[in-house]
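Structural description and commentary
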Amino acid sequence: MEELVGLEQGFRERRTGAGHGTGEEGGRRARDDRRGLFNPEANLRAALKRQLQTWLHYKNLYWKKLYTVNRIRVAVVTGGNRGIGLEVCKQLASKGVTVVLTARDEKRGAEAVKNLASQGLSNVLFHQLEVGDLSSAVRLADFIREQYGKLDILVNNAGIVGTTTEISDPESFKQELADMDGMEKLEWIRKHTTEPYDKAKECLITNYHGTKIVTEALLPLLQFSSHGRVVNVSSHFGLLRFFSGEELKKELNNIDSLSVQRLDELSEFFLKDFKNGQLEPHGWPTEGGYPAYKVSKALANAYSRIIANKHPELCVNCVHPGYVSTDINFHTGDLMVEEGARGALILAFIPKGGMTGAYLNCTEVASFV
Ligand SMILES: NC(=O)c1ccc[n+]([C@@H]2O[C@H](COP(=O)([O-])OP(=O)(O)OC[C@H]3O[C@@H](n4cnc5c(N)ncnc54)[C@H](OP(=O)(O)O)[C@@H]3O)[C@@H](O)[C@H]2O)c1
């Protein structure tokens, strides 16, 4: 009972300011007390409690994000807006991988993502990437770092042939090629194709330098993955058998003594020889046409092998997709994109400690020569 009286009195005192002195001073002290000025210990306890709650909140968020990020597998595909690249995005996403579909053109890339979303693949998002542009690759790397903090799979797929082909009437073109086999179709296209210097240069920049630029920008993020994999979509045309000079062939196959700097030099020498009509005497590929495409893919292969040697913690491999019906060959290929993507998918899911520095001809291991 005494306690109750004491409480009631205390309550009255706090309301009137009595017990804190009299008049104006009492009222001010009561207000200060409510603000905790006269109870620093309680005040400190409350502040520590608030700080602890904030810290716990951020700690939980951090672990939640880390847990989520570690559980998801993240892939980047270059040139993902059409052809084989689009199919690779589709198949990776349907196997539960979060796919960053990249394309040089925002509109085409966003459209491809929208189409995949309409097929139920909501784990595909778009980021712009022009493979030959270092600043574009750095922006992509910044985005991946901020969003996921790591990258599990990189598919370097973007590529061009580096030629100009004249097809005046697509309908008669289709009819004319209808009964031909793959090689005959390729030969027909080659006869209607020119290879100007600016296209050859663009081909080297996209296929070789582009692969190198994107891989180098994303390499630190691949190393943050528990199992980073790089898949370079190459071509049968990148095999060393197409080089006429034995010395050049030997040099490009001797990976232990080859450097990326030397590959850059060779890319420059090739373009100089291309301009000066010196391809044949200097051992570059000439027979059967497409010299820039062949050299660009051979340099990209050699680059893959150097990176595979230098980074045994990663799996870095190349694949020839086969002769696949896409825009690159005016849909003359005899494989569908689903089949063309198979080798790339095998390499994208290769188990930890699996094959590295290798080349697949479609789905079979083959030689770089
Ligand atoms: N199809 C075959 O039979 C065949 C055979 C052997 C090797 N390959 C290789 O397979 C890969 C894919 O070819 P594909 O048949 O799917 O050809 P595709 O249908 O012509 O697709 C090529 C893709 O690369 C993109 N690209 C080109 N230059 C780029 C650049 N500078 N930056 C970013 N993206 C760029 C294109 O984007 P845009 O839409 O913006 O042009 C497009 O998305 C290529 O590396 C090719 O060499 C194909």
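Use the structure listed above.
Worth saying up front: this structure is predicted, and the values here are computed from it rather than measured.

1. What to know about the overall build of the protein
The number of helices and strands found in the protein is 14 helices and ten strands. Going through the 369 residues of the protein one by one, you find that 37% of them count as buried.

2. Focus on the sheet that holds strand β8 (residues 315–320)
With mixed pairing, eight strands are arranged side by side in an open sheet as β3-β2-β1-β4-β7-β8-β9-β10. With one partner strand each, in any of the chains shown, β3 (124–128) and β10 (364–366) form the two edges of the open sheet. Here the strands of the sheet are splayed against their neighbours by 25° on average, with no regard to which way each runs. Across three bridges, the pairing between strand β1 (residues 74–77) and strand β4 (residues 153–156) is parallel. Across the sheet, valine 77 pairs through a bridge with valine 155, a residue of β4.

3. Some thoughts on the site of the ligand
Neighbouring the ligand are 32 residues, the closest being Gly79, Gly83, Ala158, Gly159 and Thr326. Mapped onto the shell around the ligand, the elements with two or more residues apiece are α4 (83–94) and α9 (197–223). Per-element tally for the shell around the ligand: the top contributor is α4, with three residues. Tallied by class, residues from the shell around the ligand come to eleven nonpolar, 15 polar and six charged.

4. With respect to the nonpolar core
Of all hydrophobic cores here, the largest spans 82 residues; its most connected members are Ala75, Cys89, Val99, Leu101, Val155 and Ala344. A total of eleven residues in this core trace back to one element, the largest contributor, which is helix α12 (residues 291–310). Once residues lying within four places of it in the same chain are set aside, the contact partners of alanine 344 are Val88, Val155, Val231, Val233, Val319 and Pro321.

5. A look at the pairing of strand β7 (residues 229–233)
Burial of β7 is extensive: five of the five residues sit out of reach of the surface. Neither face of β7 is exposed, since Arg229, Val231 and Val233 on one face and Val230 and Asn232 on the opposite face are all buried. Here β4 runs beside β7; their pairing, made up of four bridges, is parallel. Within β7, the position partnered with leucine 154 by the bridge is valine 230. As paired elements, β7 and β8 share five bridges and run parallel to each other. Within β8, the residue paired with valine 231 across the bridge is asparagine 317.

6. Topic: the packing of α9 against α12
It is the contact of α9 with α12, at a shortest axis distance of 8 Å, that shows an interaxial angle of 15°. Viewed along their axes, α9 and α12 adopt a mutual orientation that is roughly parallel. Crossing of α9 against α12: the hand is right-handed. Across from Ala200, Cys203, Leu204, Asn207, Tyr208, Thr211, Lys212 and Thr215 in α9, the residues of α12 making contact are Ala292, Tyr293, Ser296, Lys297, Leu299, Ala300, Tyr303 and Ile307. Tallied by class, the residues present in the contact of α9 with α12 amount to ten nonpolar, four polar and two charged.

7. Notes on the environment of histidine 320
Along the polypeptide, histidine 320 turns up in strand β8. A residue is classified by how many C-beta atoms lie within 10 Å of it, and histidine 320, with 23 of them, is buried. Put simply, histidine 320 and tyrosine 359 are 39 residues apart on the chain and 7.7 Å apart in space, counted from C-alpha to C-alpha. The residues touching histidine 320, leaving out its near neighbours within four places in the chain, are Ser234, Ser235, His236, Leu360, Asn361 and Cys362.

8. Remarks on the environment of arginine 262
Looking at where arginine 262 falls in the secondary structure, it is placed in helix α11 (residues 260–275). Assessed through the 15 C-beta atoms surrounding it within 10 Å, arginine 262 is described here as partly exposed. Placed ten residues apart in sequence, arginine 262 and leucine 252 show a C-alpha to C-alpha distance of 9.7 Å.

9. Section: unusual backbone geometry
Despite not being glycine, tyrosine 290 has its phi angle at roughly 50°, a positive value. Within the fold, tyrosine 290 resides in the loop between α11 and α12. Residue tyrosine 290 is classed as buried on the basis of its C-beta count, with 23 C-beta atoms lying within 10 Å. Even without being glycine, phenylalanine 330 reaches a positive phi, approximately 55°. Mapped onto the fold, phenylalanine 330 is located in the loop between β8 and α13 (337–340). With 18 C-beta atoms packed within 10 Å, phenylalanine 330 lands in the partly exposed category.

Conventions adopted
- Residues numbered from 1 in each chain as written.
- Predicted model: local features only at pLDDT ≥ 70, side-chain atom pairs only at ≥ 80, totals over all residues.
- Helix = DSSP H or I, 4+ residues; strand = E, 2+ residues; numbered from the N terminus.
- Buried ≥ 20, exposed ≤ 12 C-beta atoms within 10 Å, placed from the backbone.
- Pairing = 2+ DSSP bridges.
- Axes fitted to C-alpha atoms, helices over the stretch in contact; angles between N-to-C directions.
- Near = placed C-beta within 6 Å.
- Nonpolar A, V, L, I, M, F, W, Y, C, P; charged D, E, K, R; others polar.
- Core = buried A, V, L, I, M, F, W, Y, C linked by C-beta atoms within 7 Å.
- Contact = placed C-beta atoms within 7 Å.
- Parallel < 35°, antiparallel > 145°, perpendicular 65-115°, else oblique.
- Left-handed = near helix turned anticlockwise from the far one by under 90°.

Geometric values such as these leave the question of function open.
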